[in-house]
Amino acid sequence: MPQILSQAVHTSRTVAVILGGGAGTRLFPLTKDRAKPAVPLAGKYRLVDIPVSNCINSDIKKIYLLTQYLSSSLHRHVQNTYKFDDFSNGFVEILAAQQAPDKTDGWYQGTADAVRANMKHFDNFTHDYCLILSGDQLYRMDYREMLSRHIENNAAITVGVIPVCREAAKGFGIMDIDEGQNIIRFVEKPKDDALLETLRLDKVTLKRLGRGEHEELYLASMGIYIFNHDTLHTVLEDGQIDFGKHIIPSAIGKHKLAAHIFEGYWEDIGTVKAFYDANLDLCNENPQFDYGQPNAPIFTRPRNLRPNIILNAKLENCALCTGIEIGGGYLKRVLIGNRTIVGRNVDIQDTLLMGADYYESEQPGAIPLGIGEGTVIKTSIIDKNARIGKNCRISPEGKPAHTDHPLYHIRDGIVVVPKNTTIPDGTVI
């Protein structure tokens, strides 16, 4: 009981800050008309639902979301989804980039700059700790464990880290720790093999993590940080603009930095390929990420949609959301989002259908929402509200891995049909 009470005190004196202002250029065209945290996930969620749900499940309920780029749909989703009762003192408050007397351009220059610009809002609530999170990662973490470790270590800053292989390490900020899991060195995206070797986890740490002593692993920053209140004010004073590139490296030797090693599933949804794989993983027999874990569910906006209607169709390894209508055909390894309408005699494989934001009226026009009769789709992402005509053929086979076209884009060998796009009958992609 004392430990539970202690954690409750710590979480009540913690504010969470979710960084949701990035343009997400590597996720284009999914970010063509929306902020990266607003990108649909698993057919019914948004990326931002992940950090918000992790906060709620960790009993951290003072949550700020910092936004900037194409944020209208993100704002709408958050405002319609997260409503706390009058007795919880919880909130999810949106703080959009804006001009100020000391910041006339209004735009955030980096992650640290975004936090600096909003410190006065965070300080409206007395708090000891600030939890800083990314708005575009897929994982489940109980932040209370990280917060407890931060306090036990008497740390000024704690960085969430995850073991990664040698090749992956070249794309992350890599931490070097001592026997007490204090961070003693940080290297941003090390490419040199000799340098990488000096950052490799030692046998003692590997054993402590239950890993083999010959495994070649490195500790990558997850972009998750806990700062003591006063420490955060101090490190932001000199105008540095990014936590990963500037704040964390410069804090080593000046403040006590601890590493919190996380070993669960974690995916940085940074590219179209990563997004595609993370979504279609739901179609596998044992998905790596469970959205419906009873003790820590992922929350989103509730929708009262009609039951799914499956007519003369064969489905293999498909994941279905709600309000779906499938006329007939063959679907294999397809994630089917809310309100998806599929015609007869289709052949759809290895594809993400994001669905629609609305149902169409009785007179939809020449090409209705959804997938037309007789259409074949392979290895694709069909974004929301797309209108795919009859007898179309959509596949990346035989095409360059990176292609731009008025009706579609190919990224990492995956065809992406952008939101609200209309593909005429008989089109071959």
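Our subject is the structure that appears above.
What counts, and at which threshold
Residues numbered from 1 in each chain as written. Predicted model: local features only at pLDDT ≥ 70, side-chain atom pairs only at ≥ 80, totals over all residues. Heavy atoms only, no water. 1 Å grid on protein atoms, 1.4 Å probe; cavity = no way out; pocket = protein on both sides within 12 Å on 5 of 7 lines; lining within 4 Å. Points joined across faces, edges and corners; volume = space filled by probe spheres on them. Nonpolar A, V, L, I, M, F, W, Y, C, P; charged D, E, K, R; others polar. Helix = DSSP H or I, 4+ residues; strand = E, 2+ residues; numbered from the N terminus. Buried < 20%, exposed > 50% of the residue type's maximum accessible area, 1.4 Å probe, protein only. Core = buried A, V, L, I, M, F, W, Y, C linked by side-chain atoms within 4.5 Å. Contact = heavy atoms within 4.5 Å. Pairing = 2+ DSSP bridges. Patch = residues over 30% accessible without salt bridge, like charges linked within 9 Å, V, L, I, M, F, W, Y side chains within 5 Å. Areas by Shrake-Rupley, 256 points an atom, 1.4 Å probe, with all protein chains shown as cover. Salt bridge = Lys/Arg side-chain N within 4 Å of Asp/Glu carboxyl O. Lys, Arg positive; Asp, Glu negative; His and termini not counted. Charge placed at Lys NZ, Arg CZ, Asp CG, Glu CD.

K.L.:
Teacher, can you tell me more about the layout of surface pockets here?
P.N.:
Left-over empty space is what a probe sized like a water molecule reveals as it rolls over the atoms. Reported here for the largest pocket is a volume of approximately 1,400 Å³. Here the lining of the largest pocket is built from residues that sort into 15 nonpolar, 19 polar and eleven charged. What the second largest pocket holds in volume is close to 410 Å³. In this structure, the second largest pocket is lined by 27 residues; those nearest its centre are Ile341, Glu360, Pro368, Leu369 and Gly370. Per element, the largest residue contribution to the lining of the second largest pocket is three residues, and it comes from strand 16 (residues 325-336). Each residue belonging to the lining of the second largest pocket can be placed in one class, and the counts come to 13 nonpolar, six polar and eight charged.

K.L.:
When you look at unusual backbone geometry in this model, what are you seeing that I'm missing?
P.N.:
In the segment running from phenylalanine 28 into proline 29, the intervening peptide bond is cis, with an omega of 10°. Looking at the element boundaries, proline 29 is found in the loop between strand 1 (14-20) and strand 2 (40-41). Positive phi, normally seen in glycine, also occurs at threonine 379, with a value near 45°. For threonine 379, a relative accessible area of 23% translates into the label partly exposed.

K.L.:
Would you explain the nonpolar core in this entry?
P.N.:
One recurring pattern in soluble globular proteins: nonpolar side chains tend to sit buried together. With 66 residues, the main nonpolar core has Leu138, Phe275, Tyr291 and Ile381 as its most contacted residues. Aside from chain neighbours lying at most four places away, what touches tyrosine 291 is Leu41, Ala42, Tyr45, Ile50, Leu138, Arg140, Leu282, Pro297 and Ile298. Of all hydrophobic cores here, the second largest spans 40 residues; its members include Val159, Phe186, Leu206 and Ile261.

K.L.:
Would you explain the pairing of strand 20 (residues 376-382) in this entry?
P.N.:
Looking down a regular strand, the side chains alternate between one sheet face and the other. In terms of burial, strand 20 is largely enclosed, as five of its seven residues are buried. Sheet analysis places strand 18 (residues 346-353) next to strand 20, joined by six bridges and oriented parallel. Bridge pairing in strand 20 links glutamine 349 to lysine 378. Looking at chain direction, strand 20 and strand 22 (residues 393-394) are connected through two bridges and run parallel. Bridge pairing in strand 22 places valine 376 opposite arginine 393. Alignment of strand 20 against strand 25 (residues 414-417), held across three bridges, turns out to be parallel. Opposite serine 380, over in strand 25, you have valine 415 as the bridge partner.

K.L.:
When you look at a positive patch on the surface in this model, what are you seeing that I'm missing?
P.N.:
Residues Arg26, Lys189, Lys191 and Lys245 make up a contiguous surface patch of positive charge. Mapped onto the elements, lysine 191 comes out in the loop between strand 10 (183-188) and helix 8 (193-199). Lysine 191 sits in the exposed class, given a relative accessible area of 53%.

K.L.:
Would you mind going over the pattern of salt bridges with me for this structure?
P.N.:
Side-chain pairing between opposite charges can occur once the charged atoms of the two side chains come close. Scanning the entire structure with this criterion turns up 24 salt bridges. Put simply, aspartate 193 and arginine 166 hold a salt bridge, and the shortest N to O gap is 3.6 Å. In this pair, aspartate 193 is assigned in helix 8 and arginine 166 in helix 7 (residues 166-169), connecting sequence segments 27 residues apart. Judged by its relative accessible area of 43%, aspartate 193 falls in the partly exposed class. A salt bridge links aspartate 350 to arginine 333, with the nearest nitrogen and oxygen atoms 3.6 Å apart. Placement of the pair is aspartate 350 in strand 18 and arginine 333 in strand 16, with a sequence separation of 17 residues. A relative accessible area of 28% means that aspartate 350 is categorised as partly exposed. Given a relative accessible area of 25%, arginine 333 falls into the partly exposed group. Connected via shared salt-bridge partners are Arg166, Glu167, Lys170, Asp193, Glu197, Arg200 and Glu216.

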